[in-house]
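Coordinates in review
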Amino acid sequence: MRTQIAAANWKMNLTLPQAEALLQQLIEAPIQLHEHQQVVLAVPAPYLHRMVQLLNGKPGFQVAAQNCYAQKSGAFTGETSVEMLVSIGVTHVVIGHSERREYFLESNQLLAQKVSIALEYGLTPIFCCGEPLAIREANTQNEWVAKQLQESLYHMSADQLKKVVIAYEPIWAIGTGKTASSEQAQDIHAFIRSQLSHQYGASLAAEIPVLYGGSVKASNAAELFHQTDVDGGLVGGASLQAVEFTAIIQALK
Ligand code: PEP
């Protein structure tokens, strides 16, 4: 079975004591992960090391950065390299979140470089794609997402691609309370898998986890996650509440 992932994106929220308390609640929650299930916590950069320490290797739980820089090291004031992340025990990095694309003008080409450098250092990229509302209303979301995949992922070999996690996040559903219907999610996840299949072959495409993101909550997670091509979620707002996020983890298939 494909890896199923409940990923939290805490974004720029919580003080350190609040982050520690939230993590402690998750550590103590009655969560029974199966072998193919993972919890990945994308926490603010200043807390990465502390969260890795507090988790202390808890099986199935991993820590992600919300961003990284596209160069190995050097005079890039304020940026974080993938080598730094690996050196503190971070295993994943979110790349291309729509907020990074919109507010920090990250292009598909820059994201391609970030994906490459993450893989080079053994970090798992959680590559985000997804369309704005106008594109959905014009019913051209498949073309939009296909271009994002093509320009940021297809420079990779099959061996590299199989280490990537994809998160489909329609921008109109992020933080808005609007969720894609389970049918809309399944349709575009199946489309993403068909694109990967076309480019890399069906067996590799069948291995890649494709997460859904956009107002996932305890009340809609199970229905979304039970779709054939939905392999879990990338969760913003609802991941800041331990009880809510625990229920989302428990909804993994
Ligand atoms: C996100 O930030 O990736 C996200 C999906 O946010 P929310 O769950 O709050 O819509």
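This text gives an overview of the structure that appears in the document.

Conventions used here
Residues numbered from 1 in each chain as written. Predicted model: local features only at pLDDT ≥ 70, side-chain atom pairs only at ≥ 80, totals over all residues. Heavy atoms only, no water. Near = heavy atom within 4 Å. Polar contact = N/O pair within 3.5 Å; in protein donor to acceptor, adjacent residues only side chain to side chain. Areas by Shrake-Rupley, 256 points an atom, 1.4 Å probe, with all protein chains shown as cover. Nonpolar A, V, L, I, M, F, W, Y, C, P; charged D, E, K, R; others polar. Core = buried A, V, L, I, M, F, W, Y, C linked by side-chain atoms within 4.5 Å. Buried < 20%, exposed > 50% of the residue type's maximum accessible area, 1.4 Å probe, protein only. Contact = heavy atoms within 4.5 Å. Phe/Tyr/Trp six-rings, centres within 6.5 Å; stacked < 30°, edge-to-face > 60°. Lys NZ or Arg CZ within 6 Å of the ring centre and 35° of its normal.

**Quick word on the site of the ligand**
The full set close to the ligand counts 14 residues, and Lys11, Glu169, Gly175, Ser215 and Gly236 are the nearest of them. Within the contact set of the ligand, an oxygen atom lies 2.7 Å away from a side-chain nitrogen or oxygen of Lys11. With respect to the ligand, the backbone of Gly175 contributes an N or O atom lying 2.6 Å from an oxygen atom. Notes on the ligand: free accessible area 290 Å², of which the protein chains cover 96%. Residues belonging to the shell around the ligand are distributed by class as follows: four nonpolar, eight polar and two charged.

**What about the nonpolar core?**
Leu153, Ile166 and Phe245 are the most contacted members of the largest nonpolar core, which has 68 residues in total. In contact with Ile166, other than residues within four places in its own chain, are Phe127, Cys129, Leu149, Leu153, Ile192, Leu196, Ile208, Pro209, Val210 and Leu211. Core analysis: the next-biggest nonpolar cluster, separate from the first, contains 12 residues, Ile5, Val94, Ile126 and Ala167 among them.

**Points about the packing of aromatic side chains**
Under the criterion given, the structure shown has three aromatic pairs. With centroids separated by 4.9 Å and ring planes inclined at 45°, the aromatic side chains of Tyr69 and Phe76 adopt a geometry described as tilted. On the basis of relative accessibility, which here comes to 22%, the residue Tyr69 falls in the partly exposed class. By relative accessible area, Phe76 is classed as partly exposed at 32%. Positioned above the aromatic ring of Phe61 is the side chain of Lys58, whose terminal nitrogen or guanidinium carbon lies 5.1 Å from the ring centre.

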